[in-house]
Amino acid sequence: MKKLVLTAAAVALSATTSLAATEVTWWHAMGGELGKKLEEVAQKFNESQSEYKVVPTYKGTYPETLNAAIAAFRAKQQPAIVQVFEVGTGTMMAAKGAVYPVYKLMADQGEAFDTKSFLAPVTGYYSDTEGNILSLPFNSSTPIMYYNKDVFKKAGLDPEVAPKTWAEVAEFSKKIVSSGAAKCGFTSAWITWVQTENLSAIHDKPFGTLENGFGGFDTKFEFNGDLQVKHWANLKKWQDEGLFKYGGPVGGDQAATMFYAQECAITMNSSAGRAGVINNAKNFTPGFAPLPYYDDETKEPKNSIIGGATLWVLNGKDDATYKGVAKFFSYLSKPEVQADWHQFTGYLPITNAAYELGKSQGYYEKNPGSDVSIKQIMRGTPTANSKGVRFGNFAQVRTVVDEEFQSLLSGKKDAKQALDSAVERGNTILREFQAAN
């Protein structure tokens, strides 16, 4: 009897041990509906196998999540995975000893990882100078134009034709405001990302030296060129004429509010906002189009650049955990997983296979405008000026740029003065980062 009891206990202990899945901690910055969808992705992975359990934890905004991960790493309490926004890429690359590069992780764990399967503009941003992907693309976006077809029709404009150039944006806005169809022609979120970084990329103008920071850390900003000065001056003029309304500090949350309320007929914001636009456009029909460009500056606008975030793996975990991370990353890269995430959120599909799956499903035909972001970011071949911007402490620089834009709108500075000041202040922040790293 004693032997029987001991044997049964041993079997029970063995079963319990085999059933204990290895936990993979994942810190992220997605709240609301996006957070629920993210948790659903993790849950479905957990249900697909029994060896690993991904545990997602919301840590606040992107900056808060990055800061929390840095503090946790120093205290040796870091998660296995952390979601970091694109402007944190330079900071992560400079964090010596903290990062386990994804290309190395997948190779070490024997997981297939074909870099050519991902959208080139996305992988190009998150790769080192030798083309090695450092973090896993997950929720990448790019800004597009949203417009109100009903307001266009009231103003006597063709609701199926969006403005292609900045001259047309101004022309359409004048008709909209003068006709009384809306109080404002257009607004924009993210003055830095949309109206400065992407403006520069689309027109193939530099934002900084050394290929916008891709060529090394010893770089500096130079986004105060003739194009940027002209555009900021135009935004100020269009504000004074009642055609443009400022969307608010940094992220410009008021831009979406003004668009939903039909106060402004056009807004420019992240493609990830598509689901929000559809859900909030209860009383009008939204349209989707590429960002405008200056046709006196270029006849062939370049690709737009990405926003969003990727998943970074942190050092200091055991091999079993990293095996689970690699399995999870392989799962995330599956066409059906990426297509579902893309179609629900408006983020880019990340992989070519996910995009092709959407086509075969008829998703883009059934949802006109849902592929605008993909076509725009895949437009042409990325140049040194259009593959993105990568600088340390860039989130802080974005705040500085926005402050200088506000000084322009208030009349305290002209466009040249505001941009010169933004560049000077930005370079001070950059030098401090370079000195510390």
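Since the model is a prediction, treat every value here as computed from it, not as a measurement. (Residues numbered from 1 in each chain as written. Predicted model: local features only at pLDDT ≥ 70, side-chain atom pairs only at ≥ 80, totals over all residues. Heavy atoms only, no water.)

J.: Any chance you could explain the overall build of the protein chain here in plain terms?
T.: What the protein chain contains, in helices and strands, is 20 helices and 10 strands. Relative to a compact globule of 437 residues, whose C-alpha radius of gyration would be 22 Å, the protein chain shows 24 Å and is just as compact. Classification of the 437 residues of the protein chain by burial places 54% in the buried group. Restricting the contact set of the protein chain to residue pairs at least 6 apart, pairs at least 24 apart contribute 77%. Positive and negative charge centroids in the protein chain, built from 45 and 46 side chains respectively, lie 3 Å apart. (Helix = DSSP H or I, 4+ residues; strand = E, 2+ residues; numbered from the N terminus. Rg over C-alpha atoms; globule rule 2.2 N^0.38 Å. Buried < 20%, exposed > 50% of the residue type's maximum accessible area, 1.4 Å probe, protein only. Contact = heavy atoms within 4.5 Å. Lys, Arg positive; Asp, Glu negative; His and termini not counted. Charge placed at Lys NZ, Arg CZ, Asp CG, Glu CD.)

J.: How do you make sense of the packing of helix α19 (residues 394-409) against helix α20 (residues 415-436) when you look at a structure like this?
T.: A packed helix pair is summarised by two numbers, namely the angle formed by the two axes and the spacing between the axes. It is the contact of α19 with α20, at a shortest axis distance of 9 Å, that shows an interaxial angle of 160 degrees. Relative to α20, the element α19 lies roughly antiparallel. α20 is crossed by α19, and the crossing has right-handed handedness. Note on element contacts: α20 touches α19 through Ala415, Ala418, Ser421, Ala422, Arg425, Gly426 and Ile429, opposite Gln396, Val397, Val400, Val401, Glu403, Glu404, Ser407 and Leu408. Its residues assigned to classes, the contact of α19 with α20 shows eight nonpolar, four polar and three charged. (Axes fitted to C-alpha atoms, helices over the stretch in contact; angles between N-to-C directions. Parallel < 35°, antiparallel > 145°, perpendicular 65-115°, else oblique. Left-handed = near helix turned anticlockwise from the far one by under 90°. Nonpolar A, V, L, I, M, F, W, Y, C, P; charged D, E, K, R; others polar.)

J.: Which parts of the structure should I look at to understand the packing of aromatic side chains?
T.: Each aromatic ring pair is described using two quantities: the centre-to-centre distance and the angle formed by the ring planes. Under the defined criterion, the tally for this structure stands at 36 aromatic pairs. Ring plane angle 65 degrees and centroid distance 5.7 Å describe the contact between phenylalanine 221 and phenylalanine 223, whose orientation is recorded as edge-to-face. The exposure class of phenylalanine 221 is buried, given its relative accessible area of 2%. Accessibility expressed as a relative area gives 0% for phenylalanine 223, which makes it buried. (Phe/Tyr/Trp six-rings, centres within 6.5 Å; stacked < 30°, edge-to-face > 60°.)

J.: Would you explain the environment of glycine 362 in this entry?
T.: Residue placement: glycine 362 occurs in the loop between α16 (352-360) and α17 (363-366). Along the primary structure glycine 362 and glycine 60 are separated by 302 residues, whereas in three dimensions their C-alpha atoms are 36 Å apart.

J.: Explain the pattern of salt bridges here, please?
T.: Pairing is possible between side chains of opposite charge, provided their charged atoms come close. Evaluated as defined, the whole model comprises 21 salt bridges. The salt bridge partner of lysine 230 is glutamate 297, with a shortest N-O separation of 2.9 Å. With a gap of 67 residues between them, lysine 230 in helix α11 (residues 226-240) and glutamate 297 in the loop between β9 (286-289) and β10 (307-313) connect regions that are remote in the sequence. When the shortest N-O distance is used, the salt bridge between lysine 236 and aspartate 240 registers 3.3 Å. With lysine 236 and aspartate 240 both in helix α11 and four residues apart, the pair spans about one turn of that helix. (Salt bridge = Lys/Arg side-chain N within 4 Å of Asp/Glu carboxyl O.)

J.: I'm lost on the side chain of serine 304 in this one. Help?
T.: By the secondary structure assignment, serine 304 is in the loop between β9 and β10. Within the structure, serine 304 has its side chain in polar contact with the side chain of threonine 142 (distance 2.7 Å). At a separation of 3.0 Å, a polar atom in the side chain of serine 304 contacts the side chain of glutamine 376. In this structure, serine 304 is in contact with Thr142, Asn198, Ile202, Gln376, Ile377 and Ser386, ignoring residues within four places of it in sequence. (Polar contact = N/O pair within 3.5 Å; in protein donor to acceptor, adjacent residues only side chain to side chain.)

J.: Got a minute to help me understand the sheet that holds strand β2 (residues 52-58) in this structure?
T.: One key point about sheets: their strands pair by backbone hydrogen bonds, in either a parallel or an antiparallel sense. Sheet architecture is open: five strands sit in the order β2-β1-β3-β10-β4, paired in mixed fashion. Edge positions in the sheet fall to β2 and β4 (136-141), since each has one partner strand and no second. Between one strand axis and the next, the sheet turns through 20 degrees on average, direction left out of account. Direction of pairing for strand β1 (residues 22-28) relative to strand β3 (residues 81-85): parallel, over a ladder of two bridges. Counted as the bridge partner of tryptophan 27 is valine 82 from β3. This element, helix α3 (residues 62-74), spans β1, β3, β4 and β10 of the sheet and lies at about 140 degrees to β3. (Pairing = 2+ DSSP bridges.)

J.: Would you mind going over the layout of surface pockets with me for this structure?
T.: A probe matching the size of a water molecule, rolled over the atoms, marks out where space remains unfilled. If you add up the space inside the largest pocket, you get close to 1,300 Å³. In this structure, the largest pocket is lined by 44 residues; those nearest its centre are Leu34, Tyr62, Trp190, Ser270 and Tyr347. Of all elements in the fold, only α2 (32-48), α3, α12 (253-260), β8 (264-270), α13 (274-280), β10, α15 (335-345) and α19 reach the threshold of two or more residues within the lining of the largest pocket. For the lining of the largest pocket, the class distribution of residues is 23 nonpolar, 17 polar and four charged. (1 Å grid on protein atoms, 1.4 Å probe; cavity = no way out; pocket = protein on both sides within 12 Å on 5 of 7 lines; lining within 4 Å. Points joined across faces, edges and corners; volume = space filled by probe spheres on them.)

J.: Please explain the state of the cysteines as it appears in this structure.
T.: Two cysteines form a disulfide when their sulfur atoms are joined by a covalent bond. Counting across every chain of the model gives one disulfide. Cysteine 184 shares a disulfide with cysteine 264; S-S distance 2.1 Å. Across the S-S bond linking cysteine 184 and cysteine 264, the dihedral sits near 110 degrees, which makes this disulfide right-handed. With cysteine 184 in strand β6 (residues 184-188) and cysteine 264 in strand β8, this pair connects stretches of sequence that are 80 residues apart. Among the residues examined, cysteine 184 registers a relative accessible area of 0% and is labelled buried. (Disulfide = S-S within 2.5 Å.)

J.: Help me understand helix α9 (residues 193-202), please; the structure alone is not making it clear to me.
T.: Because an α-helix completes one turn every 3.6 residues, residues spaced three or four positions apart along the sequence face the same direction. With 10 of 10 residues buried, α9 lies mostly within the body of the structure. Residues of α9 that are buried: Trp193, Val194, Gln195, Thr196, Glu197, Asn198, Leu199, Ser200, Ala201 and Ile202.

J.: Please explain unusual backbone geometry as it appears in this structure.
T.: With glycine set apart, most residues show a phi of negative sign, and most peptide bonds adopt trans. At tryptophan 190, a residue that is not glycine, the phi angle is positive and equals roughly 50 degrees. Mapped onto the elements, tryptophan 190 comes out in the loop between β6 and α9. Phi angles above zero are rare outside glycine, and asparagine 393 is one such case at about 55 degrees. In this structure, asparagine 393 sits in the loop between α18 (372-377) and α19. Among the residues examined, asparagine 393 registers a relative accessible area of 30% and is labelled partly exposed.

J.: What exactly am I supposed to notice about the pairing of β1 here?
T.: Looking along a regular strand, one sees side chains alternate from face to face of the sheet. Bridge count for β1 against β2 is seven bridges, and the pairing is parallel. If you follow glutamate 23 over to β2, its bridge partner there is lysine 53.

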